[in-house]
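# Results of the structural survey
Single-letter residue listing:
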Amino acid sequence: MQDLIERIVSATGLDRTQAEKALGITLSLLKSEGDAAKVEELFVKLPGAADLAERHGKSATSGFLGGLLGGPLAAIGKLKSAGLSMDQIKQLGQVTLDYAKEKAGAKLVKEAAGSIPGLSAYV
């Protein structure tokens, strides 16, 4: 995950702490909203992903906003609250997807992330 965090820092201009937190929020969304079996399979190929999702992504889709708007929109709200602009959120998503495809293959990434309403168009 350190390599991915460095890529996020380079692409977004976030500091390392912000990049790690943003990645954790993103991975938590995937874990809580994606197809459980496919996400587990993907996380095996991305050592450290489950830990980041647990440490930084708690409640990414819970509470009033999560219940009202759903996972992806709630996660965007949490990322914005963490100080990311919409451009940085887009860059974070693209870098993360590219890294996941590189490490786990495009098919598995599509199956895991594509199972989340609103994300299938991006994978």
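Refer to the preceding data block for the structure.
Starting from 1, residues in each chain are numbered consecutively following that chain's sequence as written. The predicted nature of this model means local features are confined to residues of pLDDT at least 70 and side-chain atom pairs, given and counted, to a pLDDT of 80 or more, with totals for whole chains, interfaces and linings taken over all residues. Side-chain descriptors were evaluated using all non-hydrogen atoms of the structure, hydrogens and water having been removed beforehand.

A side-chain nitrogen of Lys or Arg and a carboxyl oxygen of Asp or Glu constitute a salt bridge if their distance falls within 4 Å. Following the criterion strictly, the structure yields eight salt bridges and no others. Salt bridges here are not isolated pairs; linked through shared partners, they connect Lys 38, Glu 41, Lys 107 and Glu 111.

The biggest cluster of nonpolar side chains holds 35 residues, and the ones touching the most others in it are Met 1, Ile 8, Leu 23, Leu 27, Leu 30, Leu 42 and Leu 84. Runs of H or I in DSSP of at least four residues are treated as helices and runs of E of at least two as strands, each being numbered from the N terminus. Those elements that provide at least two residues to this core are helix H1 (2–12), helix H2 (16–33), helix H3 (36–45), helix H4 (49–56), helix H6 (71–81), helix H7 (86–104) and helix H8 (106–113). Setting aside residues up to four positions removed in sequence, Ile 8 forms contacts with Gly 13, Leu 14, Ala 19, Leu 23, Leu 92, Val 95 and Thr 96. Among buried residues, those of type Ala, Val, Leu, Ile, Met, Phe, Trp, Tyr and Cys that are joined through side-chain atoms within 4.5 Å constitute a nonpolar core. Accessibility here uses a 1.4 Å probe with only protein chains present; expressed as a share of the type maximum, an area under 20% marks a residue as buried, one over 50% as exposed, and anything in between as partly exposed. Working rule for contacts: check all heavy atoms of both residues, and any pair within 4.5 Å makes them a contact.

Here the expected span of a helix is defined as 1.5 Å times the quantity of residues minus one. Its 18 residues place the ends of H2 26 Å apart at the C-alpha level, agreeing with the 26 Å of an ideal helix rising 1.5 Å per residue. Those residues of H2 lying buried are Ala 19, Glu 20, Ala 22, Leu 23, Gly 24, Ile 25, Leu 27, Ser 28, Leu 29 and Leu 30. Turning to H2, the residues buried within the fold contact H1, H3, H4, H6, H7 and H8. Measuring from the backbone nitrogen of Thr 17 back to the side-chain oxygen at the start of H2 gives 3.0 Å, which picks out Asp 15 as the cap. For this analysis, a polar contact is any N or O atom pair within 3.5 Å, provided that within protein one partner can donate a hydrogen and the other can accept it, and provided that sequence-adjacent residues contribute only side-chain to side-chain pairs.

Bringing the side chain of Thr 96 into the picture now. Residue placement: Thr 96 occurs in helix H7. Under the relative-accessibility criterion, Thr 96 is labelled buried at 10%. If near-sequence neighbours (up to four positions away) are discounted, Thr 96 is found in contact with Leu 4, Ile 8 and Leu 23.

Fitting a line to C-alpha atoms yields each axis, with helices limited to the stretch in contact; the angle taken between N-to-C directions then spans 0 to 180 degrees. It is the contact of H2 with H4, at a shortest axis distance of 7 Å, that shows an interaxial angle of 100°. Compared by their axis directions, H2 and H4 come out roughly perpendicular. Contact with H2, carried on its side by Glu 20, Lys 21, Leu 23, Gly 24, Ile 25, Leu 27, Ser 28 and Lys 31, involves Ala 49, Leu 52, Ala 53, Glu 54, Arg 55 and His 56 of H4 and no other residues of that element. Nonpolar residues are Ala, Val, Leu, Ile, Met, Phe, Trp, Tyr, Cys and Pro. Charged residues are Asp, Glu, Lys and Arg, and all others, Gly as well, are polar. For the contact of H2 with H4, the residue count by class is six nonpolar, three polar and five charged. Should an angle fall under 35 degrees it is taken as roughly parallel, and over 145 as roughly antiparallel, whereas 65 to 115 is taken as roughly perpendicular and any remaining angle as oblique.

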